[in-house]
Amino acid sequence: MDAFLATPLGVLALTVAQTMALLVPLLLGVAYLTWAERKVLGAMQMRKGPNVVGIFGLLQPFADALKMLMKETIIPSGASRTLFIMAPMVTFILAMLGWAVIPVNDGWAIADINVGILYLFAISSLGVYGIIIAGWASNSKYAFLGALRSAAQMVSYEVSMGFVIVTVLLCVGSLNLTEIVRAQENMWFMFPLFPMFIIMFISALAETNRAPFDLPEGESELVAGFFVEYSSMSFALFFLGEYANMILMSALITILFLGGWYGPFGLLPALGPLWFILKICFCLFVFVWVRATFPRYRYDQLMRLGWKVFLPFSLVWLVLTAFVLKIFGWLPGGV
Amino acid sequence: MIAAIAFYLFAAVLIASAVMVVTSRNPVHSVLFLILAFFNAAALFLLAGAEFLAMILVIVYVGAVAVLFLFVVMMLDVDFSAVREGFQRYAPIGGAVGLVLFAELIFVFGSWTFADDAAGLRLNPMMPGADNTREIGRILYTDYVWLFQLSGLILLVAMIGAIVLTLRNKPVAKRQDIGKQVSRMGSVNLRQVRSGAGLAELGIERPPVDAPPAPKQVEHHGGGHH
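Remember, predicted model here, so these are calculated numbers, not experimental data.

Draft legend 1. Examining the overall build of chain B more closely. Per the secondary structure count, chain B includes 10 helices and 0 strands. Scanning chain B from its N terminus toward the C terminus, one meets helices and strands in the order α-α-α-α-α-α-α-α-α-α. Put simply, chain B has 226 residues, and 16% of those count as buried. Partitioning the intrachain contacts of chain B with sequence separation of at least 6 by distance along the chain shows that 55% fall at a separation of at least 24. Only carbon and sulfur atoms are counted for the fraction: they give 68% of the accessible area of chain B, which is about 19000 Å².

Rendered as structure tokens:
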């Protein structure tokens, strides 16, 4: 068996098996996130949410998927066909790609690469392409406006997110995601870097185009923004891509600030993956909670928040962190 | 073997997409091909063992610069037939410039010599135990820190220059001044009103009200909305 796994074919088979072991639960998670969001929103608005298909509406995601599959895919005349079809695929594939480096438990990452955090940052910054391409290829002014908004929004919030990540990296001394989690064995970074945690969370909301920053969709003024013209499975891919991105961002926040697979106070270290999933679920719950609570931002307020509040604040906090680490001699590597 | 195949694949796609950037009729397609070219360059970096550079290339160029490119190209409705108009006339000049650059490259390549130890390094580009992120950091921030800071300063000056050139502070332009809005007084007042007093008694003028319009005759159609 070991001899087989050492051959190129064996490596390939192992990688495919690992990928499946990650992606299948992930896709189920995405399906049930759509259900959970509707349930939670329902509870917060004193409704019942989906409760007809299956017990507690548990089969609702599958009913939705079936409905989407049965619909006709409409490609508007005047659309750029190739790009129009490519855009939802790009969104969905990128949402899946990031998971290659996520360590679910100590050593449980499919690709434990040295620059894991940069890879994740790169993948999340590419998410904007699916949206821009969709908006442009649709040949519709609503879609186009949505795409432009999203491009400016995602580029703006990446900057402050970059500073947050650099601050965490200063405390860790490594770009490897496993190392980042290991550095939090005794103290989750959420506590010493609490303001950065908040900035990271809000930037993640903006980065995934979630309420209150869902201006690219903006149904009150742009109908549905960048995916106005999409129907059937291509729409479903956008929809699932958004939820997969939410889970990816929650995983990133969990790794950077919530101590990954470590339980609180070192509780039950054997349950690593479970702690990881629980923390992701907590982040996702807050995502939904925010959506139920806050009205949508105005576009200039959004830009102001990104550039005039978050950027200076995270920059100052970064310098402050560096000073504190240097003065107390806490810099990793003992420099 | 696999690395060689991957190299030729990425290199071929890189060159093909670079050609497509120049030859595409649609500027948006050009930018998308440019992004594909960036990706393949990043893949080549990865194959060479420079994973930090690969990721930075994707983050900076694909994630930010190309997005803004795409943004601008989509916003400007460039009429490319007008741009191509003088193509025939300017082709010789362009060709001459290209030829000069090409000749220079050939001269440089002809006089290129490898250092004595370079052959060994080429076979093993990563020193054992060296981390590529750490090494780049050491070179940039320790060995050449002043030059690095200087280049940053030059960029800062360029940025300020661009802002100064484009900053328009015309009094005609309407822009939001949040401080002014917040401190604004007088247009909306709170008044203490005697209970039961009409507006006329308080001296507040209202536009004269015409006789109320006669209620519209509601037509009843057969069947209907309840």
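After that view of the structure, there is still more to cover.
Draft legend 2. Examining the interface of chain B and chain A more closely. Contact residues are listed per partner, giving 25 residues for chain B and 26 residues for chain A. When chain B packs against chain A, the two sides together hide about 2100 Å² of surface, and 79% of this comes from carbon and sulfur. Sorting the residues of chain B by area buried against chain A places Met55, Ile59 and Met74 of chain B first, and these three jointly supply 27% of that buried surface. Joining chain B to chain A, the criterion identifies 0 salt bridges. The interface formed by chain B and chain A includes 3 residue pairs in polar contact (both at pLDDT 80 or more).

Draft legend 3. Quick look at the packing of aromatic side chains. All names here are of chain A. For the coordinates displayed, the defined rule picks out 21 aromatic pairs over all chains. On the numbers, 6.1 Å between centres and 75° between planes, the contact of tyrosine 32 with tryptophan 35 is edge-to-face. Separated by 3 residues within a single helix, tyrosine 32 and tryptophan 35 lie in helix α2 (residues 8-44), roughly one turn from each other. Residue classification places tyrosine 32 among the partly exposed residues on the basis of a relative accessible area of 24%. Ring pairs connect the aromatic residues Phe84, Phe227, Tyr230, Phe235, Phe238, Phe239 and Tyr243, which therefore count as one cluster. Looking at lysine 279, its charged tip hangs above the ring of tryptophan 188, at a distance of 4.0 Å from the centre.

Draft legend 4. Layout of empty space enclosed by the protein. All names here are of chain A. With the rule as written, the count across this model stands at 1 cavity of 30 Å³ or more. Of the volumes computed, that of the largest cavity is approximately 230 Å³. Every residue lining the largest cavity is counted, 20 residues in all, and those nearest its centre are Ile131, Glu207, Thr208, Asn209 and Asn245. Within the residue set of the lining of the largest cavity, elements represented by two or more residues are α4 (81-97), α5 (116-137) and α10 (232-257).

Draft legend 5. Up close: the pattern of salt bridges. Residues and elements named next belong to chain A. Tallying each qualifying case throughout the model produces 9 salt bridges over all chains. The salt bridge involving arginine 210 is made with glutamate 37; its shortest N-O contact spans 2.5 Å. Of this pair, arginine 210 sits in the loop between α8 (194-207) and α9 (219-222) while glutamate 37 sits in helix α2, and the two are 173 residues apart along the sequence. In this structure, arginine 210 and glutamate 37 share a single accessibility class: buried. In this structure, arginine 298 and aspartate 300 form a salt bridge, with 2.8 Å as the shortest nitrogen-oxygen distance. Through salt bridges with shared partners, one network takes in Glu37, Arg210, Glu242 and Arg291.

Draft legend 6. The arrangement of the packing of helix α2 (residues 27-47) of chain B against helix α3 (residues 51-75) of chain B in detail. Residue and element names in this part refer to chain B. Two numbers describe how α2 lies on α3: the axes approach to 9 Å, and their chain directions differ by 175°. With respect to α3, the axis of α2 lies roughly antiparallel. The residues of α3 that touch α2, namely those facing Pro27, Val28, Val31, Leu32, Leu34, Ile35, Phe38, Phe39, Ala41, Ala42, Phe45 and Leu46, are Glu51, Leu53, Ala54, Leu57, Val58, Tyr61, Val62, Ala66, Phe69, Leu70, Val73 and Met74. Looking at the contact of α2 with α3, its residues break down into 23 nonpolar, no polar and 1 charged.

Draft legend 7. Looking closely at the nonpolar core. Residue and element names in this part refer to chain A. Core analysis: the biggest nonpolar cluster contains 112 residues, and Trp99, Ile117, Tyr129, Ile180, Leu256 and Phe257 have the highest contact counts within it. Looking at this core element by element, the count peaks at 16 residues for α10. Apart from the residues within four sequence positions on either side, isoleucine 117 is in contact with Ile165, Leu169, Leu175, Leu177, Ile180, Leu252 and Leu256.

Draft legend 8. Seen up close, the UniProt feature "transmembrane region" (unreviewed entry) in chain B. Residues and elements named next belong to chain B. As annotated in UniProt, the feature "transmembrane region" (unreviewed entry) corresponds to residues 6-24, 31-50, 56-78, 90-115 and 144-167 in the numbering used here. Regarding residues 90-115, the helix share stands at 81% and the strand share at 0%, and the terminal C-alpha atoms are separated by 42 Å. Its end C-alpha atoms 35 Å apart, residues 144-167 is made of 92% helix and 0% strand.

Draft legend 9. Molecular detail of the state of the cysteines. Residues and elements named next belong to chain A. Across all of its chains, the model carries 0 disulfides over all chains by this definition. Counting only cysteine sulfurs, cysteine 283 is the nearest neighbor of cysteine 171, a cysteine outside any disulfide, at a range of 19 Å. Relative accessible area serves as the criterion here: at 21%, cysteine 171 is assigned to the partly exposed category. Counting only cysteine sulfurs, cysteine 281 is the nearest neighbor of cysteine 283, a cysteine outside any disulfide, at a range of 9.3 Å.

Draft legend 10. View of the side chain of serine 203 of chain A. Note on placement: serine 203 of chain A falls in helix α8. In contact with serine 203 of chain A, not counting residues within four places along its chain, are Tyr157, Ser160, Met161 and Phe310 of chain A.

Draft legend 11. Here's a closer look at the confidence of the model for chain A. Across chain A, the average pLDDT comes to 85, with 99% of residues at 70 or higher. Element-level mean pLDDT values for chain A span from 72 in α9 of chain A up to 90 in α8 of chain A.

Draft legend 12. Spotlight on unusual backbone geometry. Residues and elements named next belong to chain A. Despite not being glycine, methionine 46 has its phi angle at roughly 55°, a positive value. Examined against the element boundaries, methionine 46 turns out to sit in the loop between α2 and α3 (60-70). Judged by its relative accessible area of 78%, methionine 46 is exposed. Positive phi, close to 55°, is recorded for serine 232, a residue that is not glycine. In this fold, serine 232 is placed in helix α10. What makes serine 232 buried here is its relative accessible area of 6%.

What counts as what
- Residues numbered from 1 in each chain as written.
- Chains lettered and ligands numbered in written order.
- Predicted model: local features only at pLDDT ≥ 70, side-chain atom pairs only at ≥ 80, totals over all residues.
- Heavy atoms only, no water.
- Helix = DSSP H or I, 4+ residues; strand = E, 2+ residues; numbered from the N terminus.
- Buried < 20%, exposed > 50% of the residue type's maximum accessible area, 1.4 Å probe, protein only.
- Contact = heavy atoms within 4.5 Å.
- Areas by Shrake-Rupley, 256 points an atom, 1.4 Å probe, with all protein chains shown as cover.
- Buried area = accessible area lost by both parts, 1.4 Å probe.
- Salt bridge = Lys/Arg side-chain N within 4 Å of Asp/Glu carboxyl O.
- Polar contact = N/O pair within 3.5 Å; in protein donor to acceptor, adjacent residues only side chain to side chain.
- Phe/Tyr/Trp six-rings, centres within 6.5 Å; stacked < 30°, edge-to-face > 60°.
- Lys NZ or Arg CZ within 6 Å of the ring centre and 35° of its normal.
- 1 Å grid on protein atoms, 1.4 Å probe; cavity = no way out; pocket = protein on both sides within 12 Å on 5 of 7 lines; lining within 4 Å.
- Points joined across faces, edges and corners; volume = space filled by probe spheres on them.
- Axes fitted to C-alpha atoms, helices over the stretch in contact; angles between N-to-C directions.
- Parallel < 35°, antiparallel > 145°, perpendicular 65-115°, else oblique.
- Nonpolar A, V, L, I, M, F, W, Y, C, P; charged D, E, K, R; others polar.
- Core = buried A, V, L, I, M, F, W, Y, C linked by side-chain atoms within 4.5 Å.
- UniProt positions renumbered as here; feature names shortened; annotations may be inferred.
- Disulfide = S-S within 2.5 Å.
- pLDDT = per-residue confidence, 0-100.

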